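Each chain, letter by letter, is given below.
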Amino acid sequence: MNDTDGRGGATPAAVALIVARLYRQLAQASADDLNLTYAQLSALARIGQFGPIRLGELAAREQVAAPSLTRTVRPLSEAGLIGKEADPSDGRSWLVSITPEGSALLDRIRRERAELLTRRMARLTQDQRRTLDAALPVLEQLLTEPPEPEDP
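First, a word on what this report is: a plain description of the structure on this page.

About the thresholds
- Residues numbered from 1 in each chain as written.
- Predicted model: local features only at pLDDT ≥ 70, side-chain atom pairs only at ≥ 80, totals over all residues.
- Heavy atoms only, no water.
- Pairing = 2+ DSSP bridges.
- Helix = DSSP H or I, 4+ residues; strand = E, 2+ residues; numbered from the N terminus.
- Patch = residues over 30% accessible without salt bridge, like charges linked within 9 Å, V, L, I, M, F, W, Y side chains within 5 Å.
- Areas by Shrake-Rupley, 256 points an atom, 1.4 Å probe, with all protein chains shown as cover.
- Salt bridge = Lys/Arg side-chain N within 4 Å of Asp/Glu carboxyl O.
- Buried < 20%, exposed > 50% of the residue type's maximum accessible area, 1.4 Å probe, protein only.
- Expected span 1.5 Å × (residues − 1).
- Bend = angle between axes of the 7 residues up to and from the residue.
- Contact = heavy atoms within 4.5 Å.

Focus on the sheet that holds strand S2 (residues 82-87)
Here comes step 1: Judged by pairing direction, the sheet is antiparallel, and its 3 strands sit side by side in the order S1-S3-S2 without closing on themselves. Where the open sheet ends on each side, the last strands, each with one partner, are strand S1 (53-54) and S2.
Here comes step 2: With 2 bridges connecting them, S1 and strand S3 (residues 90-98) associate as antiparallel partners. Across the sheet, Arg-54 pairs through a bridge with Leu-95, a residue of S3.

Pasting the structure below:
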């Protein structure tokens, strides 16, 4: 695979592959995560961050359709990781919130993944650490760039 764009820069394919492989390795570092999907873990983290939250608001934050999100959160509810209650301001709506079990699972996953990265980063040279530090704002920009109409 060609890792550069011909001018010495990384290709989108190379960046995507590296990010995907790193995520897979991080996911394997916390293998006992109830086999939750990326979407389920993301929703659980958002619920922990913003809950109690309406499903429609959660869908908007996750940038998915409400029916998709309903299918995503159902296993979280069945596993006891989130709970739902009627919205006191609108009885037709539901609020979801993270349970203590869900919080404990997220804490453990984050800790295990951070431990893996800590071990690997400890083996980097000073120059490599500076390069990584310099790359973080660029990666953050890629993450926070508003989606264009053709973006998924």
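Focus: a nonpolar patch on the surface
Here comes step 1: On the surface, a nonpolar cluster with roughly 500 Å² of combined accessible area is contributed by Val-15, Val-19, Leu-136, Val-138, Leu-139 and Leu-142.
Here comes step 2: Of all elements in the fold, only helix H1 (12-29) and helix H6 (126-144) reach the threshold of two or more residues within the nonpolar patch.
Here comes step 3: Considering each element in turn, the nonpolar patch owes the most residues, 4 residues, to H6.
Here comes step 4: Along the chain, the position of Val-19 falls in helix H1.
Here comes step 5: Among the residues examined, Val-19 registers a relative accessible area of 49% and is labelled partly exposed.

Concerning helix H4 (residues 66-78)
Here comes step 1: With 13 residues, H4 should reach 18 Å at 1.5 Å per residue; the first-to-last C-alpha distance of 18 Å fits that figure.
Here comes step 2: A bend of about 25° at Thr-72 is the largest found in H4, and the proline Pro-75 appears one to four places after it.
Here comes step 3: Within H4, burial applies to Leu-69, Thr-72, Val-73 and Leu-76.
Here comes step 4: Those residues of H4 hidden inside the fold are in contact with helix H2 (38-50), helix H3 (55-62) and S2.
Here comes step 5: In the segment just after H4, Gly-80 is the residue with positive phi, at about 80°.

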